[in-house]
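What the coordinates show
Here is how the chains run, residue by residue.
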There are 2 protein chains.
Amino acid sequence: MGVSKTSSYTEIQIETANRLKALGHPARIAIVQFLLNQKECICNDIVNELPLAQPTISQHLKELKNAGIIQGTIEGKAICYCINPKVIKDLVSFFNSILSNFHPEDQCC
Amino acid sequence: MGVSKTSSYTEIQIETANRLKALGHPARIAIVQFLLNQKECICNDIVNELPLAQPTISQHLKELKNAGIIQGTIEGKAICYCINPKVIKDLVSFFNSILSNFHPEDQCC
DNA sequence: TTTATATATTGCAATATTACGATATATTAT
DNA sequence: ATAATATATCGTAATATTGCAATATATAAA
């Protein structure tokens, strides 16, 4: 006892958690994958592809956008969404640093 | 019109989303990082480290365990939790496949 | 200007998550 | 057997997420 629990979370922990949370839904995983398989990444194509109503897709896109994972630009009356690769690269770095800290000989299970 | 939205989610999309969701909370990020920085990965040490009550930590550990990210073994009256590196490696593979599908020349924004 | 198309926002119901006090369980120490 | 320690579970309140119908906005087409 006597140990004070003063530690809160670091900015990096919070930002990483926000990004992973944004990707932590099958519809949003599917959206990201769909965007990458299309040359034209138009919002309406996602609505036609996924089994969700248009407002729900719009909501998921907003969450991905808020987390910085995608960005959108207006293309006439449509909106084109694209991946931000830097965020994905940051996540890969995060997991790789986890793996580099992993020492099997220290594991008790 | 005429396009039926028959597609649901694949098993991989669902599993990946579950794992990312499990990591999508700063406390669970902190837990994973803490486990990797300790040789002895004892649950009670996490309780002393993080600014959360013991039942809350227990609940977060359960979610990480359900997602397969950690596993625990009984060590006397304590429980030792460890990372499952395969799950992290799977996530790195997932993000790398996203990056390999990313073609800047196809992006509209 | 009217109509059609594409997307966003609002409002709302159902469900899930988060956090914790109280309590249960299980092991160890006395 | 009793007490102490470590962890899990239960119950519950507060909040967040998910999904959608209805509606608003904005651009393009007629």
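Model, not experiment: these values are computed from the prediction. Counting of residues starts from 1 at the beginning of each chain's written sequence and follows it residue by residue. As they are written, the chains are lettered A onward and the ligands numbered 1 onward, keeping that order. Local features are withheld for residues below a pLDDT of 70 in this predicted model, meaning they are given only at 70 or higher, and side-chain atom pairs are given and counted only at 80 or more; totals for whole chains, interfaces and linings count all residues. To get the side-chain values, all heavy atoms of the structure are used, and hydrogens and water are removed first.

**Looking at the packing of aromatic side chains**
- Here is the rule: rings of Phe, Tyr and Trp (six-membered ring for Trp) pair when centre to centre is within 6.5 Å. Planes less than 30 degrees apart are stacked, more than 60 are edge-to-face, and the remainder are tilted. For the structure shown, the criterion picks out three aromatic pairs over all chains.
- Measuring from centroid to centroid gives 5.9 Å for Phe95(A) and Phe95(B), while their planes differ by 20°, and the two rings are stacked. With one member in each of two chains, Phe95(A) in helix H5 (residues 85-100) and Phe95(B) in helix H5 (residues 85-100) form a pair that bridges those chains.
- With centroids separated by 5.3 Å and ring planes inclined at 70°, the aromatic side chains of Phe94(B) and Phe95(B) adopt a geometry described as edge-to-face.
- For Phe94(B), a relative accessible area of 9% gives the class buried. For the purposes of this entry, the term helix denotes a DSSP run of H or I that reaches at least four residues, the term strand denotes a run of E that reaches at least two, and both are numbered from the N terminus. Only protein chains enter the calculation, and the probe is 1.4 Å; a residue is then buried if its accessible area is under 20% of its type maximum, exposed if over 50%, and partly exposed in between.

**Some remarks on the packing of helix H2 (residues 26-37) of chain A against helix H1 (residues 11-23) of chain B**
- At a closest axis distance of 8 Å, the pairing of H2(A) and H1(B) adopts a crossing angle of 115°. Considered as vectors, H2(A) and H1(B) are oriented roughly perpendicular to each other. Considering how the two elements wind past one another, H2(A) and H1(B) form a crossing that is right-handed. Facing Pro26(A), Ile29(A), Ala30(A) and Gln33(A) of H2(A), the residues of H1(B) in contact are Gln13(B), Ile14(B), Thr16(B), Ala17(B) and Leu20(B).
- Each residue gets one of three labels, nonpolar for Ala, Val, Leu, Ile, Met, Phe, Trp, Tyr, Cys and Pro, charged for Asp, Glu, Lys and Arg, and polar for the others, Gly among them. Its residues placed into classes, the contact of H2(A) with H1(B) shows six nonpolar, three polar and no charged. Comment: axis = line fitted to C-alpha atoms, over the contacting stretch for helices; angle = value between 0 and 180 degrees taken between N-to-C directions. Put simply, angles under 35 degrees are roughly parallel, angles over 145 are roughly antiparallel, angles from 65 to 115 are roughly perpendicular, and the rest are oblique. For a crossing to be left-handed, the near helix must be turned anticlockwise from the far one by less than a right angle; the clockwise case is right-handed. Any pair of residues with heavy atoms lying within 4.5 Å of one another is described as a contacting pair.

**Side note on the state of the cysteines**
- Cysteine sulfur atoms that come within 2.5 Å of each other are treated as a disulfide pair. Tallied over the entire structure, the rule returns two disulfides over all chains.
- For Cys80(A), the disulfide goes to Cys108(B), at an S-S distance of 1.4 Å. Here the residue Cys80(A) occupies a position in strand S2 (residues 78-83), and Cys108(B) occupies one in the segment after H5, the pair thus bridging two chains.
- Owing to a relative accessible area of 29%, Cys108(B) belongs among the partly exposed residues under this scheme.

**Re the protein's contact with DNA strand C**
- For this purpose, a residue is taken to be near a molecule or strand whenever a single non-hydrogen atom of the residue falls within 4 Å of it. Taken together, the neighbourhood of DNA strand C is formed by 23 residues, with Asn44(A), Gln54(A), Tyr81(A), Lys21(B) and His60(B) sitting nearest.
- Here DNA strand C approaches the protein such that, of its atoms within 4 Å, sugar and phosphate make up 65%.
- At 3.1 Å from a phosphate oxygen of DNA strand C is found a side-chain nitrogen or oxygen belonging to Thr56(B).
- Those elements giving two or more residues to the surface near DNA strand C turn out to be helix H3 (43-49), helix H4 (54-66) and S2 of chain A together with helix H4 (54-66) of chain B.
- No other element matches H4(B), which puts five residues into the surface near DNA strand C.
- In terms of residue class, the surface near DNA strand C is built from nine nonpolar, eight polar and six charged. Whenever a nitrogen or oxygen atom comes within 3.5 Å of another N or O atom, the pair is scored as a polar contact, on the condition that within protein one atom can donate a hydrogen and the other can accept it, and that pairs from neighbouring residues in sequence are kept only if both atoms are in side chains.

**Some remarks on the protein's contact with DNA strand D**
- The environment of DNA strand D is formed by 23 residues, the closest being Lys21(A), His60(A), Asn44(B), Gln54(B) and Tyr81(B).
- Within 4 Å of the protein, atoms of DNA strand D come from sugar and phosphate in 65% of cases.
- For DNA strand D, a phosphate oxygen lies 2.9 Å from a polar atom in the side chain of Ser58(B).
- At five residues, the largest contribution of residues to the surface near DNA strand D is made by H4(A).
- For the surface near DNA strand D, the per-class residue count stands at nine nonpolar, eight polar and six charged.

**Description of the interface of chain A and chain B**
- Between chain A and chain B, the contact holds 54 residues from the first and 54 residues from the second.
- Accessible area, probed at 1.4 Å, shrinks when two parts are joined; the buried area is that loss added up over both. In total, about 4800 Å² of surface goes out of reach between chain A and chain B, with carbon and sulfur atoms giving 70% of it.
- Here, a salt bridge means any side-chain nitrogen of Lys or Arg that lies within 4 Å of a carboxyl oxygen of Asp or Glu. Where chain A packs against chain B, one counts zero salt bridges.
- Where chain A meets chain B, there are two residue pairs in polar contact (both at pLDDT 80 or more).

**Section: the relation of the copies chain A and chain B**
- Least-squares superposition of the copies uses the C-alpha atoms of those residues scoring a pLDDT of at least 70 in each of them. With an RMSD of 0.0 Å, the operation that places chain A on chain B is a rotation of 180° combined with a shift of 0.0 Å along the axis. Taken together, the rotation angle and the small translation identify this as a two-fold axis.

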